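Descriptive analysis of the structure
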Amino acid sequence: MQCRLRQCHLRLVAAVLGCAALGACASAGSMSGAVSENAFPVQPEGTAPRAYVRYFPQRDDDIAWENDRTAFRIYGPELETAAPPFSSGIDAWGKKVRTPILNKWYAAGEHAYHYDRGEGMDGYKTGASRGAGGVGVWDTDDKKLYVSHDWGTYKILHNGPDYVSFRVTYAPWRVSTPAEPVSNPGAPGRKVWQVTVITLPMGSNLNRITTTLYSNEPGEITVGVGLATHGVTDGILGHPGNGRITYWDKADSAPDDKNNNGYMGAAEIVNPAQLAGEVHTDSDNLLLIKAQPGVPFTYYAGACWSNGLDFHNNEQWDAYVKAFAAKF
């Protein structure tokens with residue numbers, strides 16, 4: 001009898017340890033983009049407000065995150081095959097509720113969240129732009145922004161409820177136009193690669209983003225931090241402070257959406273000590289900053305929605321960004 005009890009006890013201990021090991025592996029995230037859809041616990045809908053981040057393999061490798069005010073996503077490697085071209089910009093979603101919505105919206109289907117059904121919607125077109133705070137490398141000679149492909153690897157660092165934090169890496173990309181056509185990946189020319197940590201606490205519309213750019217060549221890097229223009233001419237560009245810009249324009253809508261989807265506001269805050277200028281392209285409003293290879297730099301970027309709960313015009317949005325306590 002004692003032997004049987006001892007054997008049962010050992011089997012129970014082994015089972016508990018096995019579950020713990022599986023949980024640890026799942027929560028560690030993926031450094032290759034290939035994880036089970038159940039790698040992270042599904043947050044029940046309708047629960048108390050909380051910050052939440054998840055990898056969504058069912059939507060071509062999205063990583064999406066939210067808090068009680070807003071939501072964002074970045075695109076993964078699978079999307080480059082499913083819907084090229086690549087885009088490493090940050091997409092923004094508007095919310096009308098304080099509770100989590102990501103799992104519900106994704107479960108409803110890829111295009112369902114382009115319509116406001118009472119909780120909010122994806123009304124911010126990112127495309128190949130920098131979206132709400134993506135970066136690129138600005139070539140001061142040919143006046144062009146060079147950007148990475150979609151994220152290559154990721155790891156969830158903290159998954160709520162008070163804040164979320166995760167790390168993504170981007171594979172090397174060229175940051176200049178070669179004098180001659182590039183015939184092989186090892187051809188001469190400057191390349192950079194990127195490691196970024198994004199943190200979003202509760203109560204904030206702005207992500208704290210710390211990025212490190214590495215390079216195969218030494219020397220200063222001019223980084224462009226961007227807000228999408230969406231190709232419009234009636235967007236409102238604001239300057240609520242040194243190293244701070246906002247952009248306010250009409251929210252996007254699906255082709256058959258007859259609703260008035262209001263306006264989306266985007267913003268970014270860079271360290272004034274690093275500020276090197278401001279550039280406007282067809283796709284982005286860019287603040288240029290100076291960075292060194294291997295040295296992290298921090299900035300803030302995010303968005304709001306006029307049909308949401310907190311900001312209803314660009315004056316309110318500008319005031320929020322002006323008063324925001326940025327720490328570099």
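All of the points below concern the structure found in this document. As the structure is a computational prediction, the values presented were derived from the model and not from experiment.

In this section: the overall build of the protein. Along the backbone of the protein there are four helices and 18 strands. Looking at the protein as a whole, 49% of its 328 residues qualify as buried. Considering only contacts in the protein between residues 6 or more positions apart, those separated by 24 or more positions represent 64%.

Turning our attention to the sheet that holds strand E8 (residues 153–159). Sheet strands pair via backbone hydrogen bonds, and the direction of the pair is either parallel or antiparallel. Sheet architecture is open: eight strands sit in the order E8-E9-E10-E11-E18-E15-E14-E13, paired in antiparallel fashion. Either end of the sheet is taken by a strand with one partner, and the two such strands are E8 and strand E13 (236–241). Across the sheet, the axes of successive neighbouring strands diverge by a mean angle of 20°, strand direction being ignored. Of the strands in this sheet, strand E11 (206–215), E13, strand E14 (244–250), strand E15 (263–269) and strand E18 (297–305) touch helix H4 (residues 314–323), which is tilted by about 160° from E14.

Here the focus is the nonpolar core. Formed by 48 residues in total, the largest nonpolar core has its most connected members in Ile63, Trp65, Ile74, Phe166 and Val223. Not counting residues within four places of it along the chain, the set of residues in contact with Val223 comprises Val135, Gly136, Leu213, Leu287, Leu288, Ile289, Ala291 and Phe297. Formed by eleven residues, the second largest nonpolar core is a distinct cluster that contains Trp248, Phe311, Trp317 and Tyr320.

Moving on, we get to the pairing of strand E16 (residues 275–280). Residues in a regular strand project their side chains so that they alternate between the two faces of the sheet. Of the strand pairs in this sheet, E16 and strand E17 (residues 284–291) are connected by five bridges, and their pairing is antiparallel. Residue pairing for E17: Gly277 is matched across the bridge by Leu288. Between E16 and E17, which follow one another and run antiparallel, lie three residues.

Looking now at the environment of Leu275. By the element assignment, Leu275 lies in strand E16. A residue is classified by how much of its surface remains accessible, and Leu275, at 30% relative accessible area, is partly exposed. Once the C-alpha coordinates of Leu275 and Gly243 are considered, the two residues, 32 residues apart in sequence, prove to be 6.5 Å apart. Sequence-distant contacts of Leu275, that is, excluding residues within four places in its chain, are made with Asn242, Gly243, Val270, Leu287, Leu288 and Ile289.

Judged by pairing direction, the sheet is antiparallel, and its five strands sit side by side in the order E7-E6-E12-E17-E16 without closing on themselves. The two strands at the open ends of the sheet, each matched to only one other strand, are strand E7 (144–146) and E16. Looking at each pair of strands side by side, their axes are set apart by 40° on average, direction ignored.

Now for empty space enclosed by the protein. Where empty space is left can be seen by rolling a probe of water-molecule size over the atoms. Scanning the model with the defined rule gives two cavities of 30 Å³ or more in all. Reported here for the largest cavity is a volume of approximately 110 Å³. Lining the largest cavity are 15 residues, with Ser88, Gly134, Val135, Tyr170 and Gln194 positioned closest to its centre. Those elements that provide at least two residues to the lining of the largest cavity are strand E6 (132–139), strand E10 (191–201) and E11. In the lining of the largest cavity, the residues fall into seven nonpolar, seven polar and one charged.

Further remarks concern the side chain of Thr298. With respect to the helices and strands, Thr298 occurs in strand E18. Not counting the four nearest positions on each side in its chain, Thr298 is found in contact with Arg208, Ile209, Thr210, Asn271, Lys327 and Phe328.

Time to look at the environment of Glu119. Tracing the backbone shows Glu119 in the loop between helix H3 (102–107) and strand E5 (120–121). On a C-alpha basis, the gap between Glu119 and Lys95 in space is 5.9 Å, while along the polypeptide they are 24 residues apart. For Glu119, the contacting residues outside a window of four places in its chain are Gly94, Lys95, Lys96, Val97, Ile101, Lys104 and Trp105. Here Trp105 takes part through its side chain, which lies 3.2 Å from a polar atom of the side chain of Glu119.

Reading the values: rules and limits
In this numbering scheme, every chain counts its residues from 1 along its sequence in written order. The predicted nature of this model means local features are confined to residues of pLDDT at least 70 and side-chain atom pairs, given and counted, to a pLDDT of 80 or more, with totals for whole chains, interfaces and linings taken over all residues. Just so you know, side-chain values use all the structure's heavy atoms and leave hydrogens and water out. The numbering of helices and of strands both runs from the N terminus, where a helix is a DSSP run of H or I of at least 4 residues and a strand a run of E of at least 2. Relative accessibility thresholds used throughout: buried, under 20% of the residue-type maximum; exposed, over 50%; partly exposed, between the two (1.4 Å probe, protein chains only). Residue contacts are counted whenever heavy atoms from the two residues lie within 4.5 Å of one another. At least two bridges found by DSSP between two strands are what make those strands a pair. A fitted line through C-alpha atoms represents every axis, and for helices the fit uses only the stretch in contact; the resulting angles, taken between N-to-C directions, go from 0 to 180 degrees. For this analysis, a nonpolar core means a set of buried residues of the types Ala, Val, Leu, Ile, Met, Phe, Trp, Tyr and Cys, connected via side-chain atoms within 4.5 Å. Residues are said to line a cavity or pocket when one of their atoms sits within 4 Å of a point; the points come from a 1 Å grid over protein atoms alone, cavities being sets where a 1.4 Å probe fits but cannot get out and pockets being open sets with protein on both sides within 12 Å along at least five of seven lines. Grid points are joined across faces, edges and corners, and a volume is the space filled by probe spheres set on the points. Amino acid classes used here: Ala, Val, Leu, Ile, Met, Phe, Trp, Tyr, Cys and Pro are nonpolar; Asp, Glu, Lys and Arg are charged; the rest, including Gly, are polar. Side-chain atoms alone can form a polar contact between residues adjacent in sequence; in general such a contact is a pair of N or O atoms within 3.5 Å, and within protein one must be able to donate a hydrogen while the other accepts it.

Keep in mind that these numbers describe shape and distance, not what the molecule does.
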